[in-house]
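# Residue-level structural notes
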Amino acid sequence: MSDPTEANGTAGAGGAAEPAQPASGGAGERRVRVVLVDDHRMFRTGVQAEIGQTDVTGVEVVGEAADVDQAVTVITATRPEVVLLDVHLPGGGGVEVLRRCAPLMSDAERPVRFLALSVSDAAEDVIGVIRGGARGYVTKTITGTDLVDSVFRVQEGDAVFSPRLAGFVLDAFASTDAPPVDEDLDRLTQREREVLRLIARGYAYKEIAKQLYISVKTVESHVSAVLRKLQLSNRHELTRWATARRLV
């Protein structure tokens, strides 16, 4: 595997119970080049094991990345057909990767297409990456076989969603030509939104740090950034703000 930033390892479909089978039509007839973007090395390693047997699945994993800067570097260098993108990443989240890779997505001859692969099934996460240009969104409970199928469908230009997530997108676009924009919420990074949601649910800093695999000091920095951006004074105001927007 050719990887400018991360050596061996890739994303494991954390819960995929069955190995990926050959894509319909035979792996010899179809090929797709994929980059895996996720900040958990063990997950990347698992996905690589599930879908990266090119002779069987037709999927060639050409690069990996663990944060936003690495992702942009690897995607630009390798120009894959499909990027499997986690929503929550250090450096600004999946939405920031999409923003910085917009010229690659709009390339008429060699478009790079994005499929979100995340543990989150929150409506704001789904809408955020779709608004950013992703072609679909599947959760990490997906099997290896279904993930391979989803990758090929996205390569062909289809939109792919885990069953219940499609409803979020339909609801968001049903009554208007564009999804509603919350300018205050859009100021926050994906990680800041995640911390905000947990704070609003009453989690202590130590509990948030454990759940997100970050330090307590990092949690404190995120909370300070959220309060500053939203012009709030304390976590009680923050909780009311989040509850009013149904983010809890």
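In what follows, the structure referred to is the one given above.
Per chain, residues are indexed from 1 in the order of the written sequence. This being a predicted model, a pLDDT of at least 70 is required before a residue's local features are given, and a value of 80 or more before pairs of side-chain atoms are given or counted; all residues contribute to the totals for chains, interfaces and linings. Hydrogens and water are ignored here; the side-chain numbers use all heavy atoms of the structure.

## A word on the nonpolar core
Counting residues in hydrophobic clusters, the biggest one holds 27 residues, and the most contacted among them are Val 37, Ile 75, Val 83, Leu 85, Val 97, Phe 114 and Val 129. Helix and strand definitions here come from DSSP, where helices need a minimum of 4 consecutive H or I residues and strands a minimum of 2 consecutive E residues; each element is numbered from the N-terminal end. Broken down by secondary-structure element, the contributors of at least two residues to this core are strand E1 (32–37), strand E2 (59–65), helix H3 (68–78), strand E3 (82–85), helix H4 (93–100), helix H5 (102–105), strand E4 (113–118) and helix H6 (123–132). Contacts are assigned to residue pairs with any non-hydrogen atoms lying within 4.5 Å of each other. What Val 83 contacts, discounting residues up to four positions off in sequence, is Val 35, Val 37, Ile 75, Val 112, Arg 113, Phe 114 and Leu 115. Definition of nonpolar core: a set of buried residues of the types Ala, Val, Leu, Ile, Met, Phe, Trp, Tyr and Cys, connected through side-chain atoms within 4.5 Å. The buried label goes to any residue with under 20% of its type's maximum accessible area, the exposed label to any with over 50%, and the partly exposed label to all in between, with areas taken from a 1.4 Å probe on protein chains only.

## Considering the pairing of E2
The element E2 is largely enclosed, with a buried count of 6 among its 7 residues. Two strands qualify as a pair provided DSSP detects at least 2 bridges between them. Bridge analysis of E1 against E2 gives 6 bridges, and the strand direction is parallel. Bridge pairing in E2 places Val 37 opposite Ala 65.

## Digging into the sheet that holds E4
Here 6 strands make up an open sheet; going across it, the order is E2-E1-E3-E4-E5-E6 and the pairing parallel. With partners counted over all chains shown, the strands left at the sheet margins are E2 and strand E6 (160–161), one partner each. Bridge count for strand E5 (residues 136–139) against E6 is 2 bridges, and the pairing is parallel. Of the residues in E6, the one forming a bridge with Tyr 137 is Phe 161. Running at roughly 145 degrees to E5, H6 makes contact with E4, E5 and E6 of the sheet. Note on definitions: angles span 0 to 180 degrees between N-to-C directions of axes, and those axes are lines fitted to C-alpha atoms, for helices only across the stretch in contact.

## Quick word on the layout of surface pockets
Volume-wise, the largest pocket comes out at about 570 Å³. In this analysis the probe radius is 1.4 Å and the grid spacing 1 Å, with only protein atoms considered; a cavity is a set of points the probe fits into but cannot get out of, a pocket is an open set with protein on both sides within 12 Å along at least five of seven lines, and lining residues have an atom within 4 Å of a point. In this structure, the largest pocket is lined by 27 residues; those nearest its centre are His 88, Val 119, Ser 120, Glu 194 and Leu 212. Per-element tally for the lining of the largest pocket: the top contributor is helix H10 (residues 190–200), with 4 residues. Among the residues forming the lining of the largest pocket, the class breakdown is 10 nonpolar, 6 polar and 11 charged. Grid points are joined across faces, edges and corners, and a volume is the space filled by probe spheres set on the points. The classification used treats Ala, Val, Leu, Ile, Met, Phe, Trp, Tyr, Cys and Pro as nonpolar, Asp, Glu, Lys and Arg as charged, and all other residues, Gly among them, as polar.

## A few points about the packing of aromatic side chains
Centre distance within 6.5 Å is the pairing criterion for rings of Phe, Tyr and Trp, where only the six-membered ring of Trp is used; planes under 30 degrees apart are then read as stacked, over 60 as edge-to-face, and the remainder as tilted. Taken as a whole and assessed by the stated rule, the structure comprises 0 aromatic pairs. Over the aromatic face of Phe 152 sits the side chain of Arg 30, whose NZ or CZ is 4.0 Å from the ring centroid. The ring centre of Phe 43 lies 4.0 Å from the NZ or CZ of Lys 140, which sits over that ring. Only Lys NZ and Arg CZ are tested; either one counts as a charge over a ring when it is within 6 Å of the ring centre and within 35 degrees of the ring normal.

## Topic: the pattern of salt bridges
Any Lys or Arg side-chain nitrogen located within 4 Å of an Asp or Glu carboxyl oxygen qualifies as a salt bridge. Counted under the stated rule, the structure contains 11 salt bridges. For Arg 191, the salt bridge is made with Asp 39, and the minimal N-O distance between the two is 3.6 Å. Within this pair, whereas Arg 191 is found in helix H10, its partner Asp 39 is found in the loop between E1 and helix H1 (41–51), the two being separated by 152 residues in sequence. By relative accessible area, which is 22% here, Asp 39 ends up partly exposed. We note a salt bridge from Glu 124 to Arg 197, for which the minimum N-O separation is 2.2 Å. One end of the pair, Glu 124, is in helix H6; the other, Arg 197, is in helix H10, with 73 residues separating them in the sequence. As far as the burial class goes, Glu 124 and Arg 197 line up, both buried. Through salt bridges with shared partners, one network takes in Asp 38, Asp 86 and Lys 140.

## Structural notes on the pairing of E4
Of all 6 residues that make up E4, 5 are buried, and the element is covered over most of its length. Strand direction decides the pairing type here: E3 and E4, joined by 4 bridges, are parallel. The residue bridging Leu 84 from the neighbouring strand is Leu 115, located in E4. In the sheet, E4 pairs with E5 via 4 bridges, with the strands oriented parallel. For Ser 118, the partnering residue across the bridge sits in E5 and is Thr 139. When the strands point away from the viewer and the connection leading from the first strand across the helix to the second strand turns clockwise, the crossover is called right-handed. Remark: the E4/H6/E5 crossover connection has right-handed handedness.

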